[in-house]
Amino acid sequence: MAGKTVLILGGGWGGMALAYSLRGMLADEHRVVVIEKNDTFALCMSNLKIMTGEWNSPADARRQMSNISREGIEWVHEEAVSIDPVAREVRTDSQTLKADYLVIALGAGLDPSGVPGFAESAYNLYEAEGAHGLQQALADFDGGKIVTLISRMPYRCPAAPFEAIFLMDSLFREKGIRDRVDLSIHAPGPRPMAVAGPAVGDALLGMLADRDIAYGNHVVSSIDSASRKVLFDGDEDPFDLLVGVPPHKAPQAVTDSGLTDASGYIHVHPQTLEALTDVENLQTDYSHVYAIGDVTTVTLLNMMPLPKTGVFAESEGRVVAENIVADIAGAPASARYDGRGECPVDIGGGLAALAGGAFYASPGPRITLEPPSAQFRRDKEAFEEVLDTWFTG
Ligand SMILES: Cc1cc2nc3c(=O)[nH]c(=O)nc-3n(C[C@H](O)[C@H](O)[C@H](O)COP(=O)(O)OP(=O)(O)OC[C@H]3O[C@@H](n4cnc5c(N)ncnc54)[C@H](O)[C@@H]3O)c2cc1C
């Protein structure tokens, strides 16, 4: 059998899970090639640790991409600038790479310019540098109003901004100044994490209320950095310190490829992760072209998109790996993603709740929020450690 090339675009959470799964199953004659523009892998969930000061600097959350070559994974340190899904060809600034199997795992990029005033006014929680700036600002904060802002839907890790605000609450309690700090969070939608259903949303609202944290159902239109106000349609909220999640969008190369639909992302088959050309009938004209993780849209039975989280990107990567390996061996590609996933939600004080369940359930996702425990917090540490082993061996 002639050696095949699996080309993975993006060496983030999903891309690396896929690359390691493939390398563990494929003979050496087959190439596993990752195109990743950055020379480090960011453990971006650790932005919360940077924010609280548990980790000192952004460097603590970065791992060297060059380490993956030890595992027989080829790393092309370049930016993918165009993708041809029909020819399965990807162009960078210096070369064109041809794939037998093409997997797009380019994530969702951040677009702070989508909200006028965001870049000037907010600590960007979704960038390690923003979380680092916030670490110092929180250490210096002696009282006043902190607003956390979720700009648009969808965004990565629906729980993360809520974790951030629970951790801030915990931090100020430890400092003994919580009574001098006003905490609130604004997001589009009547409840947090709408995809998880009203019960989980109400449970989270209850946890916020218990800690005297206000929740506002608002879509930001702009931020006035001079007067320090978040402006909504017909409403406004002043702040002393603003923590923000900027709008997200698919990387330009993906948008330009014709692979995206009205969602702005690549609509994929929910079980096989093949990139679709006919979403309604779950059909595709492409052959051996997949997309996983945050760059995708999967529409659930409640008509909401599957959340953009690392645990889903990782599970999807493993399913695609199994199917590629089977196909190379001439066997049926029978692995199916089941839409299950769970993730601990840090609430401070060494505790985490556990959100998760069956997102593909009928008539809609069956999701629960298990009460906080120290064990769930330890579980969160454990899955961070798994990501670490990809780079440290
Ligand atoms: C603060 C925070 C906390 C989080 N906490 C959790 C958590 O607890 N649990 C959880 O499951 N998820 C969490 N997430 C979400 C999780 O990080 C993402 O869902 C996950 O990283 C998605 O994986 P991905 O492979 O789809 O994309 P990414 O991990 O974003 O990887 C995409 C990669 O593509 C690269 N890339 C982009 N464009 C190009 C290009 N043109 N050419 C080459 N390379 C390119 C990028 O550099 C990046 O490395 C958190 C996110 C944040 C921001």
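The structure this text deals with has already been given above.
Keep in mind that what you see is a predicted model, and the values were worked out from it rather than measured.

Q: Please clarify how the site of the ligand should be interpreted in this entry.
A: Residues in contact with the ligand amount to 34 residues; listed here are only the nearest, Gly 14, Glu 36, Ala 80, Asp 294 and Val 311. One of the side-chain N or O atoms of Asn 38 is found 3.1 Å from an oxygen atom in the ligand. At a separation of 2.9 Å, an oxygen atom of the ligand approaches a polar backbone atom of Val 311. Look at the ligand: alone it shows 990 Å² of surface, and the protein chains cover 93% of it.

Q: Is there a simple way to think about the pattern of salt bridges in this case?
A: Opposite charge on two side chains lets them pair, provided their charged atoms get close. Considering all chains together, one arrives at 17 salt bridges under this definition. Between Arg 156 and Asp 294 there is a salt bridge, with its nearest N and O atoms 4.0 Å apart. In this pair, Arg 156 sits in the loop between β12 (144-150) and α5 (160-175) while Asp 294 sits in the loop between β21 (289-291) and β22 (296-297), placing the two residues 138 residues apart along the sequence. As far as burial versus exposure is concerned, Arg 156 and Asp 294 are alike and both buried. Residue Arg 318 is joined to Glu 314 by a salt bridge in which the shortest nitrogen-to-oxygen separation is 2.6 Å. In this pair, Arg 318 and Glu 314 both sit in helix α8 (residues 310-328), four residues apart, roughly one turn of the helix. Owing to a relative accessible area of 35%, Arg 318 belongs among the partly exposed residues under this scheme. Using a relative accessible area of 16% as the deciding quantity, one classes Glu 314 as buried. A network of salt bridges, in which partner residues are shared, links Lys 49, Glu 54, Asp 346, Arg 377, Glu 381 and Glu 384.

Criteria and thresholds
- Residues numbered from 1 in each chain as written.
- Predicted model: local features only at pLDDT ≥ 70, side-chain atom pairs only at ≥ 80, totals over all residues.
- Heavy atoms only, no water.
- Near = heavy atom within 4 Å.
- Polar contact = N/O pair within 3.5 Å; in protein donor to acceptor, adjacent residues only side chain to side chain.
- Areas by Shrake-Rupley, 256 points an atom, 1.4 Å probe, with all protein chains shown as cover.
- Salt bridge = Lys/Arg side-chain N within 4 Å of Asp/Glu carboxyl O.
- Helix = DSSP H or I, 4+ residues; strand = E, 2+ residues; numbered from the N terminus.
- Buried < 20%, exposed > 50% of the residue type's maximum accessible area, 1.4 Å probe, protein only.

This is a description of form; function is not addressed.
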